[in-house]
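One letter stands for each residue in the lines below.
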Amino acid sequence: MSNVQTKPLLQVDHLSIGFSQYVKGTQKRIIHPIADMHVEINEGEIVAVVGASGSGKSLLAHAVLGILPSNAIFSGKMLYRGEELTPARMEKLRGREISFIPQSVNYLDPLMRVGRQVQIGLDPRTARAQQEKLFLQYGLQKNDGRLFPFELSGGMLRRVLFATSVREGVRLVIADEPTPGIHPQALSEILRQLKQFAEDGAGVMLITHDIISALEIADRVAVIKDGATVEISEASAFEGNGERLKTEYTQRLWRALPQNDFDLEFKREAVR
Ligand SMILES: Nc1ncnc2c1ncn2[C@@H]1O[C@H](COP(=O)(O)OP(=O)(O)O)[C@@H](O)[C@H]1O
Ligand SMILES: [Mg+2]
């Protein structure tokens, strides 16, 4: 899109993530679900991260946020606003400058009223009023704040998750599949909200397997396969027959979509 600034906000390079696992009780081995991932997000830019289920999208998000499981072995370079993202820095930024819309509603605390959860991290003097405003903005009722997660529908919980990500001073938003099984009107609302973050100057990482929706707002698209970045292209390259895309993999991924000529053979082997 036209007026995107080009100041790198997040730079991830040569990211590799492994897990040590016990096999047959005592033997240890290391698996590497993320082998060589890279992605860069500029201020005010929306980068869609697309890839099949299990390709490593959530792990990428969790690495940037510093919430990988404790048995994860991590290497690579991650810079935020030009400086290394150390664990201490991630903790300081998480939920403040870097906000997260997780894939699972299980990230909510089952024992805390949802209104209270949205108030965390807000200025205590105005937290209540801000939370109620956010609820209205996301189509939730004022009284819903008193409910516990189990009392809300899946769709409402997703909106609560979204509300927790809206913070003054947010510079990077990481949304992990924010639109699964969502009805079209809610979908366009979520895309609009993400676009608003970018228009306010934040960088947005939109993790999804819904390329078509992502292209409505994305500036660039990073394609992930088996834990590695296959290609990063301008969103505008995803058009026609995909001849402007850089790799055969992405071209085939693009052509496999029902909107295009629907390469069924590819869909069977790669999109699972
Ligand atoms: N804690 C873990 N221990 C071992 N393997 C894991 C762990 N978390 C994720 N993985 C593996 O890493 C791969 C990528 O997972 P994930 O990032 O969740 O994929 P995606 O979000 O793209 O669907 C998967 O094969 C998954 O099984
Ligand atoms: Mg995931």
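Predicted, not measured: the structure shown is a model, and the values here were computed from it.

Calculation criteria
- Residues numbered from 1 in each chain as written.
- Chains lettered and ligands numbered in written order.
- Predicted model: local features only at pLDDT ≥ 70, side-chain atom pairs only at ≥ 80, totals over all residues.
- Heavy atoms only, no water.
- 1 Å grid on protein atoms, 1.4 Å probe; cavity = no way out; pocket = protein on both sides within 12 Å on 5 of 7 lines; lining within 4 Å.
- Points joined across faces, edges and corners; volume = space filled by probe spheres on them.
- Helix = DSSP H or I, 4+ residues; strand = E, 2+ residues; numbered from the N terminus.
- Donors = N, O, S within 2.8 Å, 3.2 Å for Na, K, Ca; no water.
- Buried < 20%, exposed > 50% of the residue type's maximum accessible area, 1.4 Å probe, protein only.
- Near = heavy atom within 4 Å.
- Polar contact = N/O pair within 3.5 Å; in protein donor to acceptor, adjacent residues only side chain to side chain.
- Areas by Shrake-Rupley, 256 points an atom, 1.4 Å probe, with all protein chains shown as cover.
- Contact = heavy atoms within 4.5 Å.
- Salt bridge = Lys/Arg side-chain N within 4 Å of Asp/Glu carboxyl O.
- Phe/Tyr/Trp six-rings, centres within 6.5 Å; stacked < 30°, edge-to-face > 60°.
- Core = buried A, V, L, I, M, F, W, Y, C linked by side-chain atoms within 4.5 Å.
- Pairing = 2+ DSSP bridges.

Draft legend 1. Structural view of empty space enclosed by the protein. All chains considered together, the criterion is met by 1 cavity of 30 Å³ or more. The calculated volume of the largest cavity comes to roughly 40 Å³. Looking at the lining of the largest cavity, the elements with two or more residues in it are α6 (184-199), β8 (203-208) and α7 (211-215).

Draft legend 2. Inspection of the coordination of the magnesium ion (ligand 2) at higher detail. On the protein side, the magnesium ion (ligand 2) has S58 (OG) and Q103 (OE1) as donor atoms, found 2.1 to 2.3 Å from it. Here S58 is found in helix α1 (residues 57-65), whereas its partner Q103 is found in the loop between β6 (98-101) and α3 (114-119), with 45 residues between them in sequence.

Draft legend 3. Focus on unusual backbone geometry. One non-glycine residue with positive phi stands out, namely H14, at about 50°. Note that H14 resides in strand β1 (residues 8-23). When its relative accessible area of 53% is taken as the criterion, H14 is described as exposed. The phi angle at E177 is positive, at roughly 45°, despite the residue not being glycine. Structurally, E177 can be placed in the loop between β7 (172-176) and α6.

Draft legend 4. Spotlight on the site of ligand 1. Residues in close proximity to ligand 1 total 13 residues, the closest being G54, G56, K57, S58 and L59. One of the backbone nitrogen or oxygen atoms of K57 is found 2.9 Å away from an oxygen atom of ligand 1. Relative to its unbound accessible area of 560 Å², ligand 1 is 65% covered by the protein chains. Contributions of two or more residues to the shell around ligand 1 are made by β1, β2 (27-42) and α1. Counting residues per element, the shell around ligand 1 draws most heavily on α1, which supplies 3 residues.

Draft legend 5. Structural view of the side chain of E177. E177 sits in the buried class, given a relative accessible area of 10%. A polar side-chain atom of E177 sits 3.2 Å from a polar atom in the side chain of H209. Apart from residues lying up to four places away in sequence, E177 is in contact with K57, Q103, R158, I207, T208 and H209.

Draft legend 6. Examining the pattern of salt bridges more closely. Inspection of every chain in the model, using the stated rule, returns 10 salt bridges. Between K57 and E177 there is a salt bridge; the shortest N-O distance is 3.8 Å. Placement of the pair is K57 in helix α1 and E177 in the loop between β7 and α6, with a sequence separation of 120 residues. Neither residue differs from the other here; K57 and E177 are each classed as buried. E132 serves as the salt-bridge partner of K142, at 4.0 Å between the closest nitrogen and oxygen. Linking K142 in the loop between α4 (127-137) and α5 (154-165) with E132 in helix α4, this pair joins segments that are 10 residues apart in sequence. Residue class for E132 comes out buried when judged on its relative accessible area of 17%. Via salt bridges that share partners, R128, E132 and K142 belong to a single interconnected network.

Draft legend 7. Up close: the packing of aromatic side chains. Across all of its chains, the model carries 3 aromatic pairs by this definition. With a centroid separation of 5.8 Å and an interplanar angle of 90°, the aromatic rings of F100 and Y107 are classed as edge-to-face. Between the aromatic rings of Y138 and F162, the centroid separation amounts to 5.6 Å while the plane-to-plane angle is 50°, which identifies the pairing as tilted. On the criterion of sequence distance, the pair formed by Y138 in the loop between α4 and α5 and F162 in helix α5 is long-range, its members being 24 residues apart.

Draft legend 8. Region of the structure containing the nonpolar core. With 44 residues, the main nonpolar core has V160, L194, I211, V221 and F238 as its most contacted residues. Take this core: its biggest share by element is 6 residues, from α6. With 33 residues, the next largest nonpolar core counts V49, L59, A63 and I207 among its residues.

Draft legend 9. Molecular detail of the pairing of strand β9 (residues 220-225). The element β9 is largely enclosed, with a buried count of 5 among its 6 residues. Here strand β3 (residues 46-50) runs beside β9; their pairing, made up of 4 bridges, is parallel. Within the sheet, the bridge partner assigned to V47 lies in β9 and is R220. Direction of pairing for β9 relative to strand β10 (residues 228-234): antiparallel, over a ladder of 6 bridges. In the sheet register, V221 faces β10, and the bridge partner there is S233.

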